[in-house]
Amino acid sequence: MPPVVNISTTPRPSWLAGLLLALVGLGVWSAFSLLPAMMQPGQPLRIREAWDTAMFWRVGVPLMLLAQAVGGVAASGSLRWQPLWMIGGIFAGVLLVHPAGTDFGMLPLAVVLIGAPCYVVLLAAAAIGRAAGDFLAD
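We now turn to the structure provided with this report. (Residues numbered from 1 in each chain as written. Predicted model: local features only at pLDDT ≥ 70, side-chain atom pairs only at ≥ 80, totals over all residues. Heavy atoms only, no water.)

**What about the overall build of the protein chain?**
1) Next: Counting its regular elements, the protein chain contains four helices and zero strands.
2) Next: Ordering the α and β elements of the protein chain from the N terminus gives α-α-α-α.
3) Next: When the 138 residues of the protein chain are sorted by exposure, 30% land in the buried category.
4) Next: Across the protein chain, every contact between residues at least 6 apart in sequence was considered, and the portion connecting residues at least 24 apart equals 69%.
5) Next: About 8900 Å² of surface is accessible on the protein chain, with carbon and sulfur atoms providing 74% of the total. (Helix = DSSP H or I, 4+ residues; strand = E, 2+ residues; numbered from the N terminus. Buried < 20%, exposed > 50% of the residue type's maximum accessible area, 1.4 Å probe, protein only. Contact = heavy atoms within 4.5 Å. Areas by Shrake-Rupley, 256 points an atom, 1.4 Å probe, with all protein chains shown as cover.)

Structural data, given as structure tokens:
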């Protein structure tokens, strides 16, 4: 007897959810880096690092955690690589949108001190999202 294949569910590409997570990370970082400049029209353009603004922590981080949880539900396969997409989007924002006159000398330290804890928290959010999706599907 041939093996039974369930064709009722279509496989979900994990790269698509990852790409959307990277865009969320990039968008959140860029928006909150440019927020001080948008709040003061007529003033010189003032870009800050997003984590220096209170709104990043109040709105941006919960938004990224929610997106990561939804990504955990949406993507199939292993979750261990999924937070790297969000972190990649955040670090792309760090590289693209930064205050004038700053260099990337602190980037290795940021990768270790920000990236590693961020990975753990995003992995937990993805796992919670996957568990909630599995619980609600039953």
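**A closer look at the nonpolar core**
1) Next: The biggest cluster of nonpolar side chains holds 16 residues, and the ones touching the most others in it are Trp 29, Phe 56, Met 64 and Met 86.
2) Next: Secondary structure elements with two or more residues in this core: helix H1 (14-39), helix H2 (54-74), helix H3 (82-96) and helix H4 (107-137).
3) Next: Per-element accounting of this core gives the leading share, five residues, to H3.
4) Next: Residues contacting Trp 29, with those up to four places away along its chain left out, are Glu 49, Ala 50, Trp 51, Phe 56, Ile 90, Gly 93, Val 94 and Val 97. (Core = buried A, V, L, I, M, F, W, Y, C linked by side-chain atoms within 4.5 Å.)

**Some remarks on the environment of Trp 51**
1) Next: Positionally, Trp 51 belongs in the loop between H1 and H2.
2) Next: By relative accessible area, Trp 51 is classed as partly exposed at 23%.
3) Next: Taking the C-alpha atoms as reference points, Trp 51 and Trp 29, separated by 22 residues in sequence, lie 8.3 Å from one another.
4) Next: When near neighbours in sequence (up to four residues on either side) are disregarded, Trp 51 contacts Trp 29, Phe 56, Trp 57, Ala 110 and Ile 114.
5) Next: For Trp 51, the side chain forms a polar contact with the side chain of Glu 49, separated by 3.1 Å. (Polar contact = N/O pair within 3.5 Å; in protein donor to acceptor, adjacent residues only side chain to side chain.)

**A word on H3**
1) Next: End to end, H3 covers 22 Å across 15 residues, agreeing with the expected 21 Å (1.5 Å per residue, within 8%).
2) Next: Looking only at H3, the buried set comprises Gln 82, Pro 83, Met 86, Ile 87, Gly 89, Ile 90, Phe 91, Gly 93 and Val 94. (Expected span 1.5 Å × (residues − 1).)

**Notes on H4**
1) Next: At Gly 115, H4 shows its largest kink, close to 30°, and the proline Pro 117 lies no more than four residues downstream.
2) Next: In this structure, the buried residues of H4 make contact with H2 and H3. (Bend = angle between axes of the 7 residues up to and from the residue.)

**Remarks on the packing of aromatic side chains**
1) Next: Scanning the model with the defined rule gives four aromatic pairs in all.
2) Next: With centroids separated by 4.9 Å and ring planes inclined at 75°, the aromatic side chains of Trp 29 and Trp 51 adopt a geometry described as edge-to-face. Here Trp 51 lies in the loop between H1 and H2 and Trp 29 lies in helix H1, a separation of 22 residues in the sequence.
3) Next: With a relative accessible area of 1%, Trp 29 lands in the buried category.
4) Next: Ring centres 6.0 Å apart and planes at 80° place the aromatic pair Trp 29 and Phe 56 in the edge-to-face group. (Phe/Tyr/Trp six-rings, centres within 6.5 Å; stacked < 30°, edge-to-face > 60°.)

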